[in-house]
Amino acid sequence: MRIGFGYDVHRLVEGRKLILGGVDVPHDKGLLGHSDADVLLHAIIDALIGAAALGDIGRHFPPSDNRYKDISSIELLKRTKELLDEKGFTIGNIDSTIVCESPRLGVHIPGMVKNIAATLGCSETQVNVKAKTEEGLGFTGTGQGISAYSTALIEESK
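To start, this report covers the structure provided alongside it. (Residues numbered from 1 in each chain as written. Predicted model: local features only at pLDDT ≥ 70, side-chain atom pairs only at ≥ 80, totals over all residues. Heavy atoms only, no water.)

1. Description of the overall build of the protein chain
Applicable threshold: Secondary structure elements follow DSSP: runs of H or I of four or more residues count as helices, runs of E of two or more count as strands, with numbering from the N terminus. Only C-alpha atoms enter the radius of gyration; for comparison, a globular chain is expected to reach 2.2 Å times N to the power 0.38, where N is the number of residues. A simple rule labels every residue: compare its accessible area, found with a 1.4 Å probe on the protein chains alone, to the largest value its type can have, and call it buried under 20%, exposed over 50%, or partly exposed in between. Only the protein chains shown count as cover for residues, and all accessible areas are computed by the Shrake-Rupley method using a 1.4 Å probe. Two residue types count as positive, namely Lys and Arg, and two as negative, namely Asp and Glu; His and chain ends fall outside the count. Charge coordinates come from a single atom per side chain, which is NZ of Lys, CZ of Arg, CG of Asp or CD of Glu.
From N to C terminus, the protein chain includes 5 helices and 7 strands. Helices and strands in the protein chain line up, N terminus first, as β-β-β-β-α-α-α-β-α-β-α-β. What you see for the protein chain is a C-alpha radius of gyration of 15 Å, in line with the 15 Å of a compact globule of 158 residues. By its C-alpha atoms, the protein chain is 45 × 35 × 25 Å across when sized along the principal axes. In the protein chain, which comprises 158 residues, the share counted as buried stands at 49%. When the accessible area of the protein chain is evaluated, it comes to approximately 7800 Å², of which 50% is carbon and sulfur surface. Computed over 17 positive and 21 negative side-chain charges, the separation of the two mean positions in the protein chain equals 2 Å.

Here's what the structure looks like:
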């Protein structure tokens, strides 16, 4: 068994969609980034890549590469799964936390779990997503951005 940890953060700005876990979440602001800036999927990708000792998300999908400009992070997650398959790893489980003050995410979490599990070819029971606030503290608490943390357990295929 191998364990990986991932983290990502993006600034909230006007004029962009808010995409989290591949779900278009209604909000007056979206996340700024080279891709769709899906912090949840980016944290999960980093956790999976880290567990496989393959570097980090920037090594595989650099923001300087225009192939990834405005790309869906679901596509990046799909490519991450292909990397894991090539190296002989399977998903054990994923546990993630999104940190934001607004919008409230509870109603959107089942769709996020479904998207992640379907993209990784695993059961929804292997994917957990939580949402937390920071009670008005820090950049996430003041609504300046959203962050996400993730851990992933992977196993070598037999």
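Moving on from the model shown.
2. Some thoughts on the nonpolar core
The criterion, for reference: We define the nonpolar core as a collection of buried residues of types Ala, Val, Leu, Ile, Met, Phe, Trp, Tyr and Cys that are connected through side-chain atoms lying within 4.5 Å of one another. Note on definitions: a residue-residue contact is assigned when non-hydrogen atoms from the two residues lie within 4.5 Å.
Leu48, Met112, Ile116 and Val129 are the most contacted members of the largest nonpolar core, which has 46 residues in total. Going through the elements one at a time, strand 2 (18-20), strand 3 (23-25), helix 1 (39-51), helix 3 (73-87), strand 5 (89-99), helix 4 (109-120), strand 6 (127-132) and strand 7 (145-156) are the ones with two or more residues in this core. Excluding residues that lie within four positions of it along the chain, Ile116 makes contacts with Leu40, Leu41, Ile44, Leu77, Ile94, Val127 and Val129.

3. Looking at the packing of helix 3 against helix 4
Spelled out, the test is: Under this scheme, a helix contributes an axis fitted over its contacting stretch, all axes are lines through C-alpha atoms, and angles between N-to-C directions fall in the 0 to 180 degree range. Crossing handedness is read from the near helix: turned anticlockwise from the far helix by less than a right angle, it gives a left-handed crossing, and turned clockwise, a right-handed one. Any residue that is not Ala, Val, Leu, Ile, Met, Phe, Trp, Tyr, Cys, Pro, Asp, Glu, Lys or Arg is counted as polar, Gly included; the first ten are nonpolar and the last four charged.
At a minimum axis separation of 9 Å, helix 3 and helix 4 run at an interaxial angle of 35°. Crossing geometry of helix 3 relative to helix 4 is assigned as right-handed. Along the contact surface, helix 3 presents Ile74, Leu77, Lys78 and Lys81, while helix 4 presents Asn115, Ile116, Thr119 and Leu120. Broken down by class, the residue content of the contact of helix 3 with helix 4 amounts to 4 nonpolar, 2 polar and 2 charged.

4. Quick look at the pairing of strand 7
How we decide: Whether two strands pair comes down to DSSP finding at least two bridges between them.
In terms of strand pairing, strand 1 (residues 2-13) meets strand 7 through 10 bridges, oriented antiparallel. Within strand 7, the position partnered with Arg2 by the bridge is Ile154. Where strand 5 and strand 7 come together, 10 bridges link them in antiparallel fashion. Note on strand 7: the bridge partner recorded for Thr97 is Tyr149.

5. Topic: unusual backbone geometry
Cis geometry is adopted by the peptide bond preceding Pro103, which originates at Ser102 and carries an omega value of 5°. Looking at the secondary structure, you find Pro103 in the loop between strand 5 and helix 4. A positive phi is found at Ala37, a non-glycine position, where the angle reads about 65°. With respect to the secondary-structure elements, Ala37 resides in the loop between strand 4 (30-31) and helix 1.

6. Observations concerning the sheet that holds strand 7
Strand order across the open sheet formed by 5 strands is 4-1-7-5-6, with mixed pairing between neighbours. Two strands close off the open sheet at either side, each with one partner strand: strand 4 and strand 6. Across 2 bridges, strand 1 lies against strand 4 in antiparallel orientation. Note on strand 4: the bridge partner recorded for Leu12 is Leu31. Here helix 1 sits on the sheet in contact with strand 1, strand 4, strand 5, strand 6 and strand 7, set at roughly 155° to strand 1. Packed on one face of the sheet, helix 4 meets strand 5 and strand 6 and runs near 145° to strand 6.

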